[in-house]
Amino acid sequence: MLEVINLTSARGERTLFRNVSFKLDASGLLHVAGTNGSGKTSLLRILCGLGAADAGEVRWRGEPIHSVREAYWREGVYLGHANALKDDLSAIENLLMACTLAGRPASDGDAREALHAFGLAACSHLPVRALSQGQKRRSALARLALSTQARLWILDEPFSALDVAAVAHLEKLIVAYLDGGGSVIFTTHQDAAISARITQRIDLDKASVAAC
Amino acid sequence: MNWGSAGEFFAMGGKGLYVWGSYAVTFLCIAIELASLNLRRRAAGKKP
Amino acid sequence: MLNVMRAVIARDLTLAWRRRSDVFTSMIFFVIVASLFPLGIGPEPKLLLAIGPGIVWVAALLASMLALSRLFASDYADGTLEQMLLAATPLSVIVIAKVIAHWIAANLPLVLIAPLLGLQFGLPADALAVLALALALGTPSLSLIGAIGAALTLGLRGGGVLLALLVLPLYAPVLILGSLAVEATAAGLTAQPYLLLLAALSLGALSLAPWAVSAALRISYE
Amino acid sequence: MSSATPQTASGGINWFKYSSPQTFFPLAGTLAPWFAAIAAVLFVAGLYIGFFVAPTDAQQGESYRIIFIHVPAAWMSMLIYLAMAFWAGMGLAFNTRLSGMMATALAPTGALFTFIALWTGALWGKPTWGTWWVWDARLTSELLLLFLYFGFMALQAAMDDPRRADKAGAVLALVGVINIPIIYFSVKWWNTLHQGASVSLKSAPTMAATMFTGMIVMVFACWAYAIAAALWRVRCIILERERRSEWVADYLETQK
């Protein structure tokens, strides 16, 4: 599915990582570890096609991602640090918009259900600016419940700012998605229960790729 | 040869100000550009 | 493809509606700038009639340019623009949708209020009609070319002034043709050639600008 | 970096070899002084022809001699913008860093020639029409061209990451180059329709043969100078951007 060959990236004078290579197949869970500033976010941005690498190549189904572009993005979901929510829109409006952009328009019912699963039923119609940081993060993550047809999730610190119930629900979502054949790349600083299911780990500080 | 004497040459048929004004600024600009290039080259070479 | 465009336009228009004050501020700016000139030049009607079209056009141009920052800046700040770059539909399509929504929210009010300002300068009725029509034909290319400038200066410090420096020289042809159209009508001549050229500029911009805007957006995120 | 010149199958020099900054740096170093020398010689020759061979003009007397710098500068300002857009396009298409550097190197020289064209145009207008600034179609579009140059340089200066600056500048240069004819023609209509072309720089006065040769020699002089200046500046840019690589450190050692 996803193949990465000798990826190298530098930030100005400093080389972030060099010659990162791995292959991620269906139901693979890749954990990207490393201290702050080791280039985790940069690596994820390059993998999803936002950032550009200094050297190396990222391939999806054997094709370089910059030549398959929309086809790759239709099958991928990227959630960065930013929640990608408009403050003036309600949680449900944001969720419907995100699904339409991803090429999988969702119905009102499904969206409400996804938000309800994350404990946001009560405030799904409030403008997002009225929500707390944790609620905003959960409404951003609710999108994953509606992205099960996608083949690849790239999640940057998905567990940050979440309470215990939300962490459990997110883990349930990820496990179900992995069992359904999806593959996930994620970064986290917390020791979540999901780590049992990790199939590969990249430590950017040591730039080593280890199968778990 | 158009000019009888050096004075005539600089008078430029009464239009000396404009003609020499143009050429003076032209060569001043070129000199400034070459000087700035030289400074930039030296600055680029100095830092470790 | 089309439902994504419809969704993006609906989203941006809802956002503009919920931030109605922004729309009014750029309209009021347009009125103020156009009204300042007579204070500087004097109330003499014949003179005002001569310079009226140009002033209304320059004021519309500046108001339209100030609204450009609303095009990508807030989406860039909250991360939604990132998701648009990763959308399943080509970025150019989304850009066209955003520019259409921006045109409706920012430039259409200018087109509607411009005849009112034309009255201040004593423009005859037919000139006012042509003024509105010329603005309606010209402002799409202002939005499209402006979108290129907005995408290029995304996230840069001093973005506003830099945006003006990039975009205003490219606005010159629209300003010239638009003012000529209104002056020709005021002088009793036909404004048709200028209106056709304005439409041609807008269509040309519609075909080229989305590519440039998408390239600029991708560059800003690399 | 292979030292031997890689021969392509057809035996010609592989020009892509020179697309890397490191191999282009010494080449620019050798070429620039030659072009500068050519420029100097041609400048002297052109001025000599312009002042000592070309006769006095019937209507304008001596002030027409400004043409020997005004027209070449105007042509160069246009040519350099086209060259800038060409290198920018190459940089975007082939993702070669050197093309972006060349575009950045050309911009200041282009802006300089535009300013010279405007300045000499104004000084030529004063004795001929009594006003310093003439809203002539060519001069006005020259002024807008100057703004395009400033826009390009300001955009690149506002960005820290050189790679982003090159690509953003490339998009702006390409958009600008498409707009130049549009600007020129709309300004031309604007000029003819408003004053009925009462005030405009008539094309150069009936050109005696020597006047024309003098101008052409000056055009080549400016052209050679622009190349020399661009090559020197691109060397500075290469040194600044390739600071990290060891070949720069070695080169600077040899220069001590």
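From a predicted model like this one, the values you see are computed outputs, not experimental measurements.

Caption draft 1: A look at the overall build of chain C. A tally of regular secondary structure across chain C gives nine helices and zero strands. The order of α-helices and β-strands along chain C, N terminus first, is α-α-α-α-α-α-α-α-α. Here the C-alpha radius of gyration of chain C, 18 Å, is about what a compact globule of 222 residues would show, namely 17 Å. When the backbone C-alpha atoms are referred to their principal axes, chain C occupies close to 55 × 30 × 30 Å. With 222 residues in all, chain C has 60% of them scored as buried. Accessible surface computed for chain C: about 8,400 Å², of which carbon and sulfur atoms make up 76%. Of the side chains in chain C, 10 bear a positive and 9 a negative charge, and the two mean positions are spaced by 7 Å.

Caption draft 2: Region of the structure containing unusual backbone geometry. Residues and elements named next belong to chain A. The backbone phi angle of N19 is positive, close to 55 degrees, even though this residue is not glycine. Examined against the element boundaries, N19 turns out to sit in strand β2 (residues 14-24). In this structure N19 comes out as partly exposed when scored by relative accessible area, which is 45%. Notably, A161 is not glycine yet its phi reads approximately 60 degrees, a positive angle. One can find A161 in the loop between β7 (152-156) and α6 (164-179).

Caption draft 3: How the structure looks around the interface of chain D and chain B. Listed per partner, the contact involves 39 residues of chain D and 28 residues of chain B. For the chain D and chain B pair, buried surface summed over both sides reaches about 3,000 Å², with 69% attributable to carbon and sulfur atoms. There are two salt bridges connecting chain D and chain B. Where B:E33 meets D:R233, a salt bridge forms, and the shortest distance between an N and an O atom there is 2.7 Å. Inspection of the region where chain D meets chain B yields seven residue pairs in polar contact (both at pLDDT 80 or more). Every element with two or more residues in the side of chain D that touches chain B is listed here: α1 (21-53), α2 (67-94), α3 (97-129), α6 (209-241) and α7 (246-255) of chain D. For the side of chain D that touches chain B, the element with the highest residue contribution is α3(D), accounting for ten residues. In terms of residue class, the side of chain D that touches chain B is built from 27 nonpolar, five polar and seven charged.

Caption draft 4: Here's a closer look at the pattern of salt bridges. Tallied over the entire structure, the rule returns 22 salt bridges over all chains. With a shortest N-O distance of 2.5 Å, A:K86 and C:D75 are connected by a salt bridge. On the criterion of chain membership, the pair formed by A:K86 in the loop between β6 (76-79) and α3 (91-101) and C:D75 in helix α4 (residues 69-78) is interchain, its members lying in two chains. Of the two residues examined, A:K86 and C:D75, each falls in the buried class. Between D:R241 and D:D166 there is a salt bridge; the shortest N-O distance is 2.6 Å. Linking D:R241 in helix α6 with D:D166 in helix α5 (residues 162-195), this pair joins segments that are 75 residues apart in sequence. Note on D:R241: relative accessible area 25%, which makes it partly exposed. Three or more residues are tied together by salt bridges with common partners; here these are A:K86, C:R11, C:D12, C:D75, C:D78 and C:K98.

Caption draft 5: Region of interest: the side chain of D:S20. Along the chain, the position of D:S20 falls in the segment before α1. You can call D:S20 buried: its relative accessible area is 15%.

Caption draft 6: Highlighting the sheet that holds strand β1 (residues 2-11) of chain A. All names here are of chain A. Read from one edge to the other, the open sheet built from four strands follows the order β2-β1-β4-β5, with strand pairing classed as antiparallel. Of all the strands in the sheet, just β2 and β5 (63-64) have a single pairing partner and so form its edges. In terms of strand pairing, β1 meets β2 through seven bridges, oriented antiparallel. In the strand pairing of β2, S9 is matched with F17.

Caption draft 7: Quick peek at α2(D). An ideal rise of 1.5 Å per residue puts 40 Å on 28 residues; α2(D) measures up with 40 Å between its terminal C-alpha atoms. Residue D:N95 follows α2(D) closely and has a positive phi angle near 55 degrees.

Caption draft 8: Examining the packing of aromatic side chains more closely. Under the counting rule described, the total for this entry stands at 26 aromatic pairs over all chains. With a centroid separation of 5.3 Å and 10 degrees between ring planes, the pair formed by B:F9 and D:F52 is classed as stacked. Of the two residues, B:F9 sits in helix α1 (residues 6-11) while D:F52 sits in helix α1, which places them in two different chains. Look at D:F52 and you get partly exposed, because its relative accessible area is 23%. Arranged with centres 6.1 Å apart and planes meeting at 50 degrees, the rings of B:F10 and B:W20 form a pair that is tilted. In this pair, B:F10 sits in helix α1 while B:W20 sits in helix α2 (residues 16-46), placing the two residues ten residues apart along the sequence. Residue classification places B:F10 among the exposed positions, given a relative accessible area of 55%. Residue classification places B:W20 among the partly exposed positions, given a relative accessible area of 25%. Within the aromatic cluster, the residues linked to one another by ring pairs are B:F9, B:F10, B:W20, B:Y23, D:Y48, D:F51 and D:F52. Positioned above the aromatic ring of C:W17 is the side chain of C:R20, whose terminal nitrogen or guanidinium carbon lies 4.3 Å from the ring centre. D:R235 extends its terminal NZ or CZ atom over the ring of D:F25, reaching a point 4.2 Å from the ring centre.

What counts and how
- Residues numbered from 1 in each chain as written.
- Chains lettered and ligands numbered in written order.
- Predicted model: local features only at pLDDT ≥ 70, side-chain atom pairs only at ≥ 80, totals over all residues.
- Heavy atoms only, no water.
- Helix = DSSP H or I, 4+ residues; strand = E, 2+ residues; numbered from the N terminus.
- Rg over C-alpha atoms; globule rule 2.2 N^0.38 Å.
- Buried < 20%, exposed > 50% of the residue type's maximum accessible area, 1.4 Å probe, protein only.
- Areas by Shrake-Rupley, 256 points an atom, 1.4 Å probe, with all protein chains shown as cover.
- Lys, Arg positive; Asp, Glu negative; His and termini not counted.
- Charge placed at Lys NZ, Arg CZ, Asp CG, Glu CD.
- Contact = heavy atoms within 4.5 Å.
- Buried area = accessible area lost by both parts, 1.4 Å probe.
- Salt bridge = Lys/Arg side-chain N within 4 Å of Asp/Glu carboxyl O.
- Polar contact = N/O pair within 3.5 Å; in protein donor to acceptor, adjacent residues only side chain to side chain.
- Nonpolar A, V, L, I, M, F, W, Y, C, P; charged D, E, K, R; others polar.
- Pairing = 2+ DSSP bridges.
- Expected span 1.5 Å × (residues − 1).
- Phe/Tyr/Trp six-rings, centres within 6.5 Å; stacked < 30°, edge-to-face > 60°.
- Lys NZ or Arg CZ within 6 Å of the ring centre and 35° of its normal.

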